[in-house]
Amino acid sequence: MNPTTPSLPPQYDPKTAEARWQTLWETHKAFAADPHRDPDAPSYCIVIPPPNVTGSLHMGHAFNSALIDTLVRYHRMQGKNTLCLPGTDHASIAVQTILDRQLREEGKTKADLGREAFLERAWQWKEQSGGTIVGQLRRLGMSVDWSRERFTLDAGLSKAVLEAFVRLYDQGLIYRGQYLVNWCPASQSAVSDLEVEPRDVEGHLWHFRYPLSDGSGYLEVATTRPETMLGDTAVAVNPQDDRYRHLVGKTLTLPLMGRDIPIIADDLVDPAFGTGCVKVTPAHDPNDFAMGNRHGLPFINILNKDGTLNDNGGEFAGLDRFVARQQVVARLETLGVLVKTEAYRHTVPYSDRGKVPVEPLISTQWFVKIDPLAEKALQSLDEDNSPQVVPDRWRKVYRDWLVNLRDWCISRQLWWGHQIPAWYAVSETEGEIGDHTPFVVARSEAEAWEQAKAQFGEGVQLERDPDVLDTWFSSGLWPFSTLGWPDRTPDLERYYPTTTLVTGFDIIFFWVARMTLMAGYFTDTMPFEDVYIHGLVRDENNKKMSKSANNGIDPLLLIEKYGTDALRYTLIREVAGAGQDIRLEYDREADESGSVEASRNFANKLWNASRFVMMNLEGQTPAQWGFDLDPQAEDLELCDRWILSRFHHVLDQTCQHIEAYGLGEAAKGLYEFIWGDFCDWYIELAKARLYSESDSRRTVQQILAQVLEGILQMLHPFMPHITEEVWHTLTQSDDQTYLALQSYPQRDDRWRDPELEQDFELVIGTIRVLRNLRAEAGVKPAVKVTALVQSDSDRERQILQRGTAYIQALGKADTLTLVQSATEAPRKSLAGVVGTVQVLLPLEGVVDLEALLGKLAKDLAKIEKEIKALQGRLNNPGFVSKAPQEIIDGAKAALAEAETQAQILRDRLTLLG
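Residues numbered from 1 in each chain as written. Predicted model: local features only at pLDDT ≥ 70, side-chain atom pairs only at ≥ 80, totals over all residues. Heavy atoms only, no water.

Here's the deal with the overall build of the chain
Just so we agree on the cut-off: Secondary structure elements follow DSSP: runs of H or I no shorter than four residues count as helices, runs of E no shorter than two count as strands, and numbering proceeds from the N terminus. Note on contacts: a residue pair is in contact if any heavy atoms of the two residues lie within 4.5 Å. The Shrake-Rupley method, run with a 1.4 Å probe, gives the accessible areas here. Residue values count only the displayed protein chains as cover. His is not counted, nor are the chain ends; Lys and Arg add positive charge and Asp and Glu add negative charge. Think of each charge as sitting on NZ of Lys, CZ of Arg, CG of Asp or CD of Glu.
Of the regular secondary structure elements, the chain holds 30 helices and 29 strands. Counting only C-alpha atoms and orienting by the principal axes, one finds that the chain spans roughly 110 × 75 × 55 Å. Considering only intrachain contacts with a sequence separation of at least 6, the fraction spanning at least 24 residues in the chain is 77%. If you sum the accessible surface of the chain, you get close to 40000 Å²; carbon and sulfur atoms cover 48% of it. If the 95 positive side-chain charges of the chain are averaged to one point and the 130 negative ones to another, these points end up 4 Å apart.

This is the structure we're talking about:
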């Protein structure tokens, strides 16, 4: 090798290479988008789902990011004007929880600071700690345009949120009113239906007697929340229930509270549930809320916002709701109205943020009318299949959600977030903001004063609504607000609607539907062409990862150990079909992953193969070698035509898979081609020609150079760092020329020869069987053998005749004889089969037959002993009756496999005896 020839180090160091390329890509703005560049080229745009600014990298982020970046890099290399836009979400509740905890440790509350100082502290926290997740995303090597990084509270997005709120309000689609909301006592804020996590819990069902006011008897009711009886304003029965029809219209005396409440009839009541009598607490249950409105019942709120009982709780006022529950039950038992207590498993809604049971609570909040927005999204889906949902099974889920949406509560009782742009004329309600205080909605305080003075006079006093908007309100605008909306920016004109949304199925309802609702209304189009829904990353036991289960796997730990490319490739390769969950192998004691280690080994295999190729290119690049070969040229060998056909076949397959979001299938196909076809077979077949001075040496050098560069281009979207590192050495490019910005290979059907590929598989299979027979017989590597290959098919023998030189070279056979009939085969041979071809390896004079026979007999005895033990277990009635079915099935499978192995050994002993 020429001493000036560029070469790769003996070993690949992922940590050094990844840091180097991540820095260079970002420093030189390799992925900066330009809306004016290549005006005729199609655009490709993904705005990444913004992680919470409070977050740190978990395996879900790594999986989602790997999928996104693979698509982005592929489409960029396809020549599209590409933008991948990063950003973070301000995470109102999560940030406020962190700051409240810090203040408690200092013996303070947010009220001690005041709003302005609290928000100043929040911004300081964001600047100091809020970039953690962004830095970790950089470790994944995402090819995003960092110059366009957005934050949901930055000036541009805040402008978009303000504009969206005002427009919706002016169109009558935002209103303020009293409604039953999910209240989280921990965060003391309303939470949406989508932020409620149903949990199955072990609880109790208490049965109580409510006496009729006239003393003629009682009705028995049952409840899982006995403290809410303090706010009961009726008991309901089904109008068709003959047991109670005569009581409808009478009254009951509510125990503990002493007030009379009516017996009402409502179709909502299930006569088959419990006693058929249902207590009605309109202020604390969604179904009761509906009945209360239908029947004009009083709404009595018994709860404070911190989860304690208020004055309507009577003697229980001031108690925590769960303490009050115990004391209410005890008092009812003392009064003799507790009938019984049953253990009862039921579903309790928990706040996703506060991690405590939510309370349905009557509250004055801001709401968005959903129906008018949902109509546009449904029309786009039904008439235009927009967006296209992949896989299709999630389309129905998404559609059903649009149909069943209720009005969206968008106000949150927090300070960190987008403050609601409403100003109350408190001078009209004695200086206080109440449920009936008039207000104006405006884009600025100055505009609010103008409106207020026009309505209420010069002496009006204004106070801004202290609440902020639900985080999902700003996130719902993300696909177009990040591109400059409401202004008609070049980015918005060029990249909107975006091309693909990549997201997990668990936020279809939180986010996907909200983006389509907002986009349909504000832009008259859906925000993305495709929605690619992926599954979850499950742990080594196929369990969902969660903080509560403490079974998460730290992606940064695996990156440190195996490299970013190895983790990315593993996550993508594990995907079996779009939308499927994947399982990640992991040894918690050693902090090791066999599957990620396998991907690191794949990277090392590519590295070593690349080193070998470059050592044999005489210091020239693929461009210098050129590629002037003609598919019809007679001097091309069989293996040359085969590898070029395989290359273009795999290229076509890879493109088809990626275009259809079959990223896992694409990754597996590349693995098999690179490790198997190129490294294990073609390079091995090329060595003899590389070391010779024959005319075909230049041909094989050209093919190795071109195929290796094509492999690096195809694999780059999946493993960007190692491919960039190898490509730079191979092409001798400078540090501002990137593989990431090169063109993806183009398929050339002139080289495709499916029949040749199929034929060559027979040659490879024959070599593989011959190698296995050598290993089984213990033939030393340096010993050449005589082999016989038998086939009844003239065509198969012709194929094998063409590949004889390859079989002899890689099977280390001095001679290879093709025979038609098995009767021509000698005794004392080992035999193997590939398809309908039999490969025979005569052993007499090659190995010590007596020693081999002894080994085979010993192996047979061991397997027969195993068979006897398995048969004994399966014939034991005690084992069959008590063992789990999967254990029994495993024993049967092991027995079948052992019997097959035993028969193979017997046949070989017969042949060699």
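With respect to the sheet that holds strand E15 (residues 388-390)
Stated precisely, the cut-off is as follows: DSSP bridges decide pairing: two strands pair if at least two such bridges lie between them. For helices, the fitted line uses only the C-alpha atoms of the stretch in contact; every axis is such a line through C-alpha atoms, and the angle between N-to-C directions lies from 0 to 180 degrees.
An order of E15-E23-E22 is seen for the three strands of this open sheet, with the pairing classed as parallel. A single partner strand is all that each edge strand has here, and the edge strands are E15 and strand E22 (498-504). Between one strand and the next, the sheet's axes are offset by a mean angle of 20°, whatever the strand orientation. In this structure, E15 lies alongside strand E23 (residues 528-534), joined through three bridges in parallel fashion. Of the residues in E23, the one forming a bridge with Val390 is Tyr532. Packing against the sheet, helix H2 (residues 59-77) makes contact with E22 and E23, and its axis sits at approximately 160° to E22.

Here we look at the sheet that holds strand E5 (residues 174-184)
Taken in spatial order, the four strands line up as E6-E5-E14-E16 in an open sheet, and their pairing is antiparallel. The open sheet has two free edges, formed respectively by strand E6 (189-191) and strand E16 (408-409), since each of these has just one partner strand. Alignment of E5 against E6, held across three bridges, turns out to be antiparallel. Within E6, the residue paired with Cys184 across the bridge is Ser189.

Quick notes on the pairing of strand E1 (residues 43-47)
Taken residue by residue, a regular strand's side chains alternate between the two faces of the sheet. Selection criterion: In this scheme, a residue with accessible area under 20% of its type's maximum is buried, one over 50% is exposed, and one in between is partly exposed, where area comes from a 1.4 Å probe on protein chains only. Throughout, right-handed denotes a crossover for which the path from the first strand over the helix to the second runs clockwise when the strands point away from the viewer.
The buried fraction of E1 is high, at four of five residues. Across five bridges, the pairing between E1 and strand E2 (residues 81-85) is parallel. Within E2, the position partnered with Cys45 by the bridge is Leu83. At this point the chain moves from E1, through H2, to the parallel E2, and the crossover so formed is right-handed.

Brief notes about the pattern of salt bridges
The test is simple: Definition used for salt bridges: Asp or Glu carboxyl oxygen within 4 Å of a side-chain nitrogen of Lys or Arg.
Tallied over the full model, the rule gives 51 salt bridges. For the salt bridge of Glu560 with Arg139, the shortest nitrogen-to-oxygen distance reads 3.2 Å. Placement of the pair is Glu560 in helix H17 (residues 555-562) and Arg139 in helix H6 (residues 132-139), with a sequence separation of 421 residues. Classification of Arg139 as partly exposed rests on a relative accessible area of 28%. Here Lys279 makes a salt bridge to Asp232, at a shortest N to O gap of 2.9 Å. Of this pair, Lys279 sits in strand E12 (residues 278-280) while Asp232 is found in the loop between strand E8 (218-223) and strand E9 (234-237), placing the two residues 47 residues apart along the sequence. Neither Lys279 nor Asp232 differs from the other in exposure class; each is buried. Sharing partners across several salt bridges, the network here consists of Arg646, Asp677, Arg752 and Glu757.

Some details on the packing of aromatic side chains
So the rule is basically this: The aromatic pairing rule takes the rings of Phe, Tyr and Trp, using the six-membered ring of Trp, and pairs them if the centres are within 6.5 Å, calling planes under 30 degrees apart stacked, those over 60 edge-to-face and the rest tilted. Here, a charge over a ring means that NZ of Lys or CZ of Arg falls within 6 Å of the ring centre while also lying within 35 degrees of the ring normal.
All chains considered together, the criterion is met by 32 aromatic pairs. Their ring planes at 85° and their centres at 4.9 Å tell us that Tyr521 and Phe522 sit as a pair that is edge-to-face. Residue class for Tyr521 comes out partly exposed when judged on its relative accessible area of 31%. Overall, the relative accessible area of 10% leaves Phe522 in the buried class. Ring geometry for Phe627 versus Trp751: centroids 5.9 Å apart, planes at 55°, classification tilted. In this pair, Phe627 is assigned in the loop between helix H20 (622-625) and helix H21 (638-659) and Trp751 in the loop between helix H24 (720-731) and helix H25 (754-777), connecting sequence segments 124 residues apart. Of the residues examined, Phe627 reaches a relative accessible area of 32% and is grouped as partly exposed. Put simply, the rings of Phe165, Tyr169, Trp366, Trp408, Tyr424, Phe439 and Phe473 touch in pairs and so form one group of aromatic residues. Lys687 extends its terminal NZ or CZ atom over the ring of Phe612, reaching a point 5.4 Å from the ring centre.

A short note on helix H11 (residues 393-404)
Condition: Directions from the helix axis toward the C-beta atoms define the arc.
Buried within H11 are the following residues: Trp394, Tyr398 and Leu402. In an axial view of H11, the angular spread of the buried residues amounts to 80°, which keeps them on one side of the axis. Turned more than 90 degrees off the buried face of H11, the exposed positions are Lys396 and Asn404. Where the residues of H11 are buried, they touch helix H10 (371-384), E15, helix H16 (508-523) and E23.

As for the layout of surface pockets
Condition: Here a cavity means grid points, on a 1 Å grid over the protein atoms only, where a 1.4 Å probe fits yet cannot get out; a pocket means an open set of points with protein on both sides within 12 Å along at least five of seven lines; lining residues are those with an atom within 4 Å of a point. Grid points are joined across faces, edges and corners, and a volume is the space filled by probe spheres set on the points.
Of the voids in this model, the second largest pocket is the one considered here, and its volume is about 1300 Å³. Lining the second largest pocket are 47 residues, with Thr224, Arg225, Asp285, His346 and Thr347 positioned closest to its centre. At eight residues, the largest contribution of residues to the lining of the second largest pocket is made by strand E7 (residues 196-211).

Regarding a positive patch on the surface
For clarity, the threshold we go by: Residues enter patches when they are more than 30% accessible in relative terms and free of salt bridges; like-charged ones are connected within 9 Å and nonpolar ones (Val, Leu, Ile, Met, Phe, Trp, Tyr) within 5 Å.
On the surface, a cluster of positive charge is made up of Arg768, Arg771, Lys784 and Lys812. Along the chain, Lys784 turns up in the loop between H25 and strand E26 (785-790).

Details of the nonpolar core
To keep things clear, this is the line we draw: We call a set of buried Ala, Val, Leu, Ile, Met, Phe, Trp, Tyr and Cys residues a nonpolar core when their side-chain atoms join them within 4.5 Å.
Judged by nonpolar contacts, the single largest core of 149 residues is most densely connected at Met59, Phe678, Tyr682, Phe718 and Leu843. With 15 residues, helix H22 (residues 663-690) is the single largest residue contributor to this core. The residues contacting Phe718, other than those within four sequence positions of it, are Thr70, Arg568, Tyr569, Ile572, Ile658, Leu663, Ala666, Ala667 and Leu670. Counting residues in each nonpolar core, the second largest holds 59 residues, with Leu373, Leu381, Ile410 and Met515 among its members.

Remarks on the side chain of Glu18
Position of Glu18 relative to the elements: it lies in helix H1 (residues 14-27). Buried and unpaired, Glu18 has no salt bridge, with Arg139 as the nearest side chain of opposite charge at 5.5 Å. In contact with Glu18, not counting residues within four places along its chain, are Tyr12, Gly563, Thr564, Asp565 and His721.

As for unusual backbone geometry
That bond from Ser386 to Pro387 is cis: its omega, -5°, falls within 30 degrees of zero. With respect to the secondary-structure elements, Pro387 resides in the loop between H10 and E15. Pro486 follows Trp485 through a cis peptide bond whose omega is 20°. Here Pro486 shows up in the loop between helix H14 (478-481) and helix H15 (490-495). Phi is positive for Tyr661, which is not a glycine, with a value near 65°.

A few points about the state of the cysteines
Put simply, the rule reads: Note on terminology: pairs of cysteine sulfur atoms within 2.5 Å are recorded as disulfides.
According to the stated counting rule, one finds zero disulfides in the structure shown. Distance from the sulfur of Cys184, which forms no disulfide, to the nearest cysteine sulfur (Cys409) is 13 Å. Judged by its relative accessible area of 0%, Cys184 is buried.

A word on the packing of helix H28 (residues 849-874) against helix H30 (residues 885-912)
Angle between the axes and distance between the axes are the two parameters that describe a pair of packed helices. Using the following cut-off: Roughly parallel means an angle under 35 degrees; roughly antiparallel, over 145; roughly perpendicular, 65 to 115; everything else is oblique. By convention, the crossing between two helices is left-handed when the near helix turns anticlockwise from the far helix through less than a right angle, and right-handed when the turn is clockwise. When residues are grouped by polarity, Ala, Val, Leu, Ile, Met, Phe, Trp, Tyr, Cys and Pro land in nonpolar, Asp, Glu, Lys and Arg in charged, and all others, Gly among them, in polar.
H30 packs onto H28 with a crossing angle of 155° between their chain directions and a minimal axis gap of 9 Å. In terms of orientation, H28 lies roughly antiparallel with respect to H30. Considering the relative orientation of H28 and H30, their crossing is left-handed. Within the contact of H28 with H30, the residues separate by chemical class into 20 nonpolar, two polar and eight charged.

These figures capture arrangement, not role.
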